[in-house]
Amino acid sequence: MRGRFVLRLLDAADGLLGWTEVLARPCPGGAFHADDAVGLVVDRDGQAASVTVHWTELDIARRVTVPVMAVRAGVRLRLDWPENIVWRVHGEADVPRPPVTVRRDLTLSLRPGESSAAAV
Amino acid sequence: MAVQAFKWYNQALKKIGNGSINFASDTFRLLLVTSASNFATRTLGLLGSLTNEVSEANGYSSSGKALGNVTWTVGASAKQYRFLASSVAWSANGGSISNIKGAVVVKIGASAGARDLVCFASLTGSQFALAAGNRLTIQPNAAGILTLSTT
């Protein structure tokens, strides 16, 4: 069994700079380990400030602060996490899921709310 | 994204009965709220009790946009009436319209006591930002924003 984690590289305003999906296996010691060093390709230029890790099956997220650094689109960034640990069960406190940034036109079609009356 | 159907606020049902909300003649607006908003609390009654509207910036103005082409008309059958309006759209410019989570329909009135909450919808599971240069369109279903039917 592997957990599916989405990692997002964010700037100080929680703007999305890049993301990746990682499958990690649970191991004794209370952590999920990726098979290889975790990395992601930067989507757009910016100043990286944090990485959020979203455990998708449980829909919970955590935030890891990274040294503020300039990143450029197209560059592959490697996250040197010890033992490639993506998630510790007894780790940092959960945080709200990071916001998604939509970079295209979006149309949302909403179904009607219904109410009915029954003749008695 | 997990778009949900519109849901009535409880008091809106009361108000269409006592005439406070008139789908045939009142003016309505659609506004956006953040994930911190209490918009999904069905016991809310007035606009003044709604919290955390999306910040006015980058193409979003407070109190949202007017609903156009509002109709209150027969729906799928003679046993149903529907509240229908045209789509509403926002274009983000100069920056992102941030923290979009839900949409709320409000009946506009001259006083705070006449600005009634009508219905709401969650647009997404996790709030999102609309990046500059992009357009968000809220498109009511052809079946209506709200329907009222009998057996």
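It should be emphasised that the depicted structure is a prediction, and the values quoted were computed from it without experimental measurement.

Here's the deal with the interface of chain A and chain B
In this assembly, 23 residues from chain A lie in contact with 34 residues from chain B. When the two sides are added together, the surface that chain A and chain B hide from each other amounts to roughly 2400 Å², 53% of it contributed by carbon and sulfur. Among the residues chain A hides against chain B, the three largest losses belong to Leu108(A), Leu110(A) and Ser115(A). Together they make up 28% of the total. Here chain A is connected to chain B by zero salt bridges. Where chain A touches chain B, the interface holds 14 residue pairs in polar contact (both at pLDDT 80 or more). Looking at the side of chain A that touches chain B, the elements with two or more residues in it are strand 9 (100-102), strand 10 (106-110) and strand 11 (113-117) of chain A. For the side of chain A that touches chain B, a count of residues per class yields eleven nonpolar, six polar and six charged.

Looking at the pairing of strand 4 (residues 71-74) of chain B
Residue and element names in this part refer to chain B. Relative to strand 5 (residues 80-84), strand 4 is paired through four bridges, and the arrangement is antiparallel. Counterpart to Thr73 in the pairing with strand 5 is Arg82. Between strand 4 and strand 5, which pair antiparallel in sequence order, lie five residues.

Things to note about the pattern of salt bridges
Residues and elements named next belong to chain A. Applying the stated criterion across every chain, the model contains seven salt bridges over all chains. Where Arg78 meets Asp80, a salt bridge forms, and the shortest distance between an N and an O atom there is 2.8 Å. For Arg78, a relative accessible area of 57% translates into the label exposed. Through salt bridges with shared partners, a single network forms among Arg2, Arg25 and Asp35.

Topic: the pairing of strand 7 (residues 76-79) of chain A
All names here are of chain A. Because side chains alternate across strand 7, one face comprises the buried residues Leu77 and Leu79, and the other comprises Arg76 and Arg78, none of which is buried. The pairing of strand 4 (residues 38-41) with strand 7 spans four bridges and is classified as antiparallel. Within strand 7, the position partnered with Val41 by the bridge is Arg76.

Observations concerning the packing of aromatic side chains
In the structure shown here, the tally under the stated rule is 14 aromatic pairs over all chains. Considering the side-chain rings of Phe5(A) and Phe32(A), the 5.3 Å spacing of their centres and the 65° angle between planes classify their relative orientation as edge-to-face. One end of the pair, Phe5(A), is in strand 1 (residues 3-11); the other, Phe32(A), is in strand 3 (residues 31-34), with 27 residues separating them in the sequence. Taking relative accessible area as the criterion, Phe32(A) reaches 6% and is therefore assigned buried. Between Trp8(B) and Phe23(B), the aromatic rings sit 6.2 Å apart at their centres with planes inclined by 65°, giving edge-to-face as the arrangement. Taken together, the residues span a long stretch of sequence, with Trp8(B) in strand 1 (residues 7-8) and Phe23(B) in the loop between helix 1 (10-18) and strand 2 (27-33) at a distance of 15 residues. What makes Phe23(B) buried here is its relative accessible area of 4%.

Comments concerning the sheet that holds strand 10 of chain A
Taking strand neighbours across the sheet as the criterion, the three strands line up as 10(A)-11(B)-6(B) in an open arrangement whose pairing is mixed. The open sheet is flanked by strand 10 of chain A together with strand 6 (88-91) of chain B, the only strands paired with a single partner. Recorded for the sheet is a direction-independent mean angle of 10° between the axes of neighbouring strands. Of the pairings in the sheet, the one linking strand 10 of chain A to strand 11 (residues 135-140) of chain B comprises five bridges and is parallel in character. Looking at the pairing, Ser109(A) lines up with Gln139(B) of strand 11 of chain B.

Quick notes on the environment of Ser109(A)
Mapped onto the fold, Ser109(A) is located in strand 10. Assessed through its relative accessible area of 41%, Ser109(A) is described here as partly exposed. Ser109(A) has contacts with Val3(B), Gln139(B) and Asn141(B), leaving out every residue within four places of it along the chain.

Parameters and conventions
- Residues numbered from 1 in each chain as written.
- Chains lettered and ligands numbered in written order.
- Predicted model: local features only at pLDDT ≥ 70, side-chain atom pairs only at ≥ 80, totals over all residues.
- Heavy atoms only, no water.
- Contact = heavy atoms within 4.5 Å.
- Buried area = accessible area lost by both parts, 1.4 Å probe.
- Salt bridge = Lys/Arg side-chain N within 4 Å of Asp/Glu carboxyl O.
- Polar contact = N/O pair within 3.5 Å; in protein donor to acceptor, adjacent residues only side chain to side chain.
- Helix = DSSP H or I, 4+ residues; strand = E, 2+ residues; numbered from the N terminus.
- Nonpolar A, V, L, I, M, F, W, Y, C, P; charged D, E, K, R; others polar.
- Pairing = 2+ DSSP bridges.
- Buried < 20%, exposed > 50% of the residue type's maximum accessible area, 1.4 Å probe, protein only.
- Phe/Tyr/Trp six-rings, centres within 6.5 Å; stacked < 30°, edge-to-face > 60°.
- Axes fitted to C-alpha atoms, helices over the stretch in contact; angles between N-to-C directions.

The values reported here are purely geometric and, on their own, carry no functional implication.
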